[in-house]
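Below are the chains, spelled out letter by letter.
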Amino acid sequence: MDIKYFDNAATTRVKEEVLNEMIPYFSIQYGNPSSLYSIGRYNKRAIEKARRQVAELINCETNEIYFTASGSESDNITLKGIAYANKEKGNHIITSKIEHPAILNSCKALEKQGYKISYINVDKSGIVDINELIKEITNQTILISIMFANNEIGTIQPIEEISKIAKKYNIIFHTDAVQACGNIPIDVKSMGIDMLSLSAHKINGPKGVGALYVKKGIEFDSIINGGGQEKGKRSGTENVAGIVGLGKSCEIAKKQMDSHITKLRELRDYFINQVEEKIPNVKLNGSREKRLPGNANFSFKNTNSQELLFKLDSKGICVSSGSACSAGNSNPSHVLTSIGLEKELAQGTIRFTFGEDNSKEDVDYLLESLEEFILNQDNS
Ligand SMILES: *Cc1c(COP(=O)(O)O)cnc(C)c1O
C-alpha cells in the first residue's frame with residue numbers, strides 16, 4: 001500500500017541528495033577524522049564543511065557549532081553542561097511546562113542533584129507566560145531554556161522577547177529549535193540566542209545526528225568524556241556520514257526556505273479550513289498565527305484518537321495521537337494538559353504534520369478518510 005505520511009514532526013524521509021552525499025562515508029571514505037594521514041584529513045575536512053553548512057543555516061560562526069548524536073543529546077549537554085559549569089554562580093534554571101522530554105527529564109535529573117527548576121505556564125495557545133518568567137528570575141538563575149516551536153501543537157514562542165529578558169538579567173538563553181530549525185528562518189545573532197539545539201532527522205536528514213550551537217565565550221562542562229573530539233566538549237569518533245548528511249540537509253533547508261514555507265503553509269491552511277468546514281465539533285489546538293508552517297493539531301469530539309490513528313493506518317495514513325494509551329486508559333500529553341484542554345477533547349487529539357513529500361491530493365485523501373471515520377462513528 002502507498003504510504004501517506006503526515007507525521008513529519010516525528011521524523012522525515014532522508015532526501016536523495018542528502019543520502020548520496022553520505023554514502024561514500026560508509027565505505028570508501030572510512031578514515032578516522034583524527035588520523036593524520038590523508039584519508040583521515042579528508043574526513044576532517046568533510047566535517048568542517050558540514051559545520052559551515054549548519055552555521056550558515058542559523059547565522060553563527062563555524063566554531064560555535066558542536067556535533068552531537070541527537071537533538072536529545074544537545075538538550076542534555078545544554079542543561080547539564082551549563083548547570084555543572086555554573087555551580088558557583090547559581091543552581092536555578094527556568095524552562096516551560098511544554099518542553100520536549102529531553103529537556104523536562106534532564107531537568108528532573110538535575111533536581112535530584114539539588115538544582116531548582118521553574119516550569120513556566122503557557123496560555124491556551126501554548127505561549128509562555130512572560131510575566132511569570134520574569135517573576136521567577138532570581139540571582140541564582142543561570143539558564144533559561146524555552147523551545148522555539150512546540151513539537152505537538154506547533155506554537156512558536158516569542159523568542160526575541162525572551163532573549164532580551166535573559167540578556168537584561170545576564171542569564172544564558174537556550175532554545176530547543178529541533179522543530180523550528182529548517183522550517184522557519186532562524187538567525188541566532190539577530191535573535192540574541194546563546195545556545196540552540198537542532199537535529200538532522202527532523203529536516204530530511206539522517207537519524208542519530210544533531211548539533212548544538214554555543215555562542216563564543218559561554219562555558220559548559222562536557223558530559224561525554226573521552227578522546228577530545230569537538231574541542232573536548234563531545235568526545236567519540238565522529239559520525240562522519242551522519243554529520244555530512246546533517247550539513248547537506250541544512251544547506252538544502254536554507255536554499256529552499258521560502259518555497260518550503262509557502263508549500264507547507266498552503267497544505268496546512270487548506271487542511272485546517274477543510275476540517276473546520278466538513279467535520280463538526282472540532283477544535284484546532286495551538287495558535288492560529290504563531291504556528292509552524294506544517295503543523296495542524298485537532299481535537300475531535302467523542303473520538304478515541306488511538307482508534308482513529310489505527311483506522312487511518314489501515315488506509316496507509318500515518319499520523320500521531322496526543323495521548324499515550326495503556327489498557328484503554330489514555331492520558332493526555334503534558335502539552336495538551338498545559339494548554340488546559342479538557343480530558344474528553346484531549347483523548348480525541350491527532351497531530352498532522354506536513355512535509356516536502358506531501359501533495360494536495362494526499363491531503364484530499366486524508367480528508368476523505370477522516371470524514372469517513374469520524375462522521376460514521378458510533379457514539380452511542
Ligand atoms: C524530536 C525532538 C527532539 C529530540 O531530537 P532527537 O534527535 O530525536 O533526539 C527534541 N526536541 C524537540 C522539540 C523535538 O521535536
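Residues numbered from 1 in each chain as written. Predicted model: local features only at pLDDT ≥ 70, side-chain atom pairs only at ≥ 80, totals over all residues. Heavy atoms only, no water.

## Overview of the environment of Ile 153
Working step 1: The topology assignment puts Ile 153 in the loop between β5 (141–145) and α6 (159–168).
Working step 2: What makes Ile 153 buried here is its relative accessible area of 0%.
Working step 3: Along the backbone, Ile 153 and Ile 193 are 40 residues apart, and their C-alpha atoms lie at a distance of 23 Å.
Working step 4: The residues contacting Ile 153, other than those within four sequence positions of it, are Ser 125, Gly 126, Asn 285, Gly 286, Arg 291, Asn 295, Asn 297, Val 335, Leu 336 and Ile 339. (Helix = DSSP H or I, 4+ residues; strand = E, 2+ residues; numbered from the N terminus. Buried < 20%, exposed > 50% of the residue type's maximum accessible area, 1.4 Å probe, protein only. Contact = heavy atoms within 4.5 Å.)

## Thoughts on the pattern of salt bridges
Working step 1: A full pass over the atoms with the stated rule returns 17 salt bridges.
Working step 2: Across the pair Arg 351 and Asp 7 runs a salt bridge, and its minimum N-O distance is 3.0 Å. Of this pair, Arg 351 sits in strand β15 (residues 349–353) while Asp 7 is found in the loop between β1 (4–5) and α1 (16–22), placing the two residues 344 residues apart along the sequence. Taken as a pair, Arg 351 and Asp 7 share a single burial class, namely buried.
Working step 3: For Arg 268, the salt bridge identified is with Asp 269, shortest N-O distance 2.9 Å.
Working step 4: The structure contains a network of salt bridges with shared partners spanning Glu 21, Lys 248, Glu 251 and Lys 255. (Salt bridge = Lys/Arg side-chain N within 4 Å of Asp/Glu carboxyl O.)

## What about helix α8 (residues 240–255)?
Working step 1: In a regular helix each residue adds 1.5 Å, so 16 residues correspond to 22 Å; α8 covers 23 Å between its end C-alpha atoms and thus fits that length.
Working step 2: Taken across its 16 residues, α8 has 13 buried, putting it largely inside the fold. (Expected span 1.5 Å × (residues − 1).)

## Description of the domain arrangement of the chain
Working step 1: Here the domain parsing of the chain yields domain 1 (4–12 + 257–379) and domain 2 (16–255).
Working step 2: Look at where the C-alpha atoms of domain 1 and domain 2 centre, and you get two points 28 Å apart.
Working step 3: The interface is formed by 26 residues belonging to domain 1 together with 34 residues belonging to domain 2.
Working step 4: Across the domain 1/domain 2 interface, buried area totals approximately 2,400 Å², and carbon plus sulfur atoms make up 53% of it.
Working step 5: Looking at the side of domain 1 facing domain 2, the largest losses of area belong to Thr 12, Met 257 and Leu 292, adding up to 28% of the total buried there.
Working step 6: One can count zero salt bridges joining domain 1 with domain 2.
Working step 7: Put simply, domain 1 and domain 2 have 16 residue pairs in polar contact (both at pLDDT 80 or more) between them.
Working step 8: Taken together, the elements giving at least two residues each to the side of domain 1 that touches domain 2 come down to α9 (257–278), β10 (295–300) and α11 (334–338).
Working step 9: Tallied by class, residues from the side of domain 1 that touches domain 2 come to ten nonpolar, twelve polar and four charged. (Domains from an automatic or database assignment. Buried area = accessible area lost by both parts, 1.4 Å probe. Polar contact = N/O pair within 3.5 Å; in protein donor to acceptor, adjacent residues only side chain to side chain. Nonpolar A, V, L, I, M, F, W, Y, C, P; charged D, E, K, R; others polar.)

## Some details on the nonpolar core
Working step 1: Counting residues in hydrophobic clusters, the biggest one holds 66 residues, and the most contacted among them are Ile 58, Ile 144, Phe 148, Ile 186 and Ile 193.
Working step 2: Here the element with the most residues in this core is α8; it accounts for eight residues.
Working step 3: No fewer than three residues from each of domain 1 (4–12 + 257–379) and domain 2 (16–255) sit in this core.
Working step 4: Setting aside residues no more than four positions away along its own chain, Ile 193 makes contact with Phe 148, Ile 159, Phe 173, Thr 175, Ile 186, Val 188, Tyr 213 and Lys 215. (Core = buried A, V, L, I, M, F, W, Y, C linked by side-chain atoms within 4.5 Å.)

## Comments concerning the pairing of strand β3 (residues 92–96)
Working step 1: The buried count for β3 comes to five of five residues, which makes it a mostly enclosed element.
Working step 2: With burial as the criterion, each face of β3 is covered, one bearing His 92, Ile 94 and Ser 96 and the other bearing Ile 93 and Thr 95.
Working step 3: As paired elements, β3 and strand β4 (residues 116–120) share five bridges and run parallel to each other. Counted as the bridge partner of Ile 94 is Ser 118 from β4.
Working step 4: Assessed by its sense of winding, the connection that carries the chain from β3 through helix α4 (residues 101–112) to β4 is right-handed. (Pairing = 2+ DSSP bridges. Right-handed = clockwise from strand over helix to strand, strands pointing away.)

## As for the side chain of Thr 95
Working step 1: Take Thr 95: it is sitting in strand β3.
Working step 2: The buried category is assigned to Thr 95, whose relative accessible area is 0%.
Working step 3: One polar contact links the side chain of Thr 95 to the main-chain carbonyl oxygen of Ser 145, over a distance of 2.9 Å.

## Some details on the environment of Thr 11
Working step 1: For Thr 11, the location among the structural elements is in the loop between β1 and α1.
Working step 2: For the pair Thr 11 and Ser 199, spaced 188 residues apart in the sequence, the C-alpha separation amounts to 10.0 Å.
Working step 3: If near-sequence neighbours (up to four positions away) are discounted, Thr 11 is found in contact with Tyr 5, His 201 and Lys 207.

## Things to note about the packing of helix α3 (residues 71–85) against α4
Working step 1: Closest axis-to-axis distance for the α3/α4 pair is 9 Å, and the angle between their directions is 30 degrees. Regarding the angle of α3 to α4, the classification is roughly parallel. For the crossing formed where α3 meets α4, the hand is right-handed. Contact residues: α3 offers Ser 72, Asp 75, Asn 76, Leu 79, Lys 80, Ala 83 and Tyr 84, while α4 offers Ala 102, Ile 103, Ser 106, Cys 107, Ala 109 and Leu 110. (Axes fitted to C-alpha atoms, helices over the stretch in contact; angles between N-to-C directions. Parallel < 35°, antiparallel > 145°, perpendicular 65-115°, else oblique. Left-handed = near helix turned anticlockwise from the far one by under 90°.)

## Points about the sheet that holds β15
Working step 1: Strand order in the open sheet formed by four strands is β9-β10-β15-β12, and the pairing between neighbours is antiparallel. Each edge of the open sheet carries a strand with a single partner, namely β9 (282–284) and β12 (320–321).
Working step 2: Bridging between β12 and β15 involves two bridges; their strand directions are antiparallel. Residue pairing for β15: Ser 321 is matched across the bridge by Ile 350.
Working step 3: In the packing of α9 onto the sheet, contacts are made with β9, β10 and β15, and the angle to β10 comes to roughly 15 degrees.

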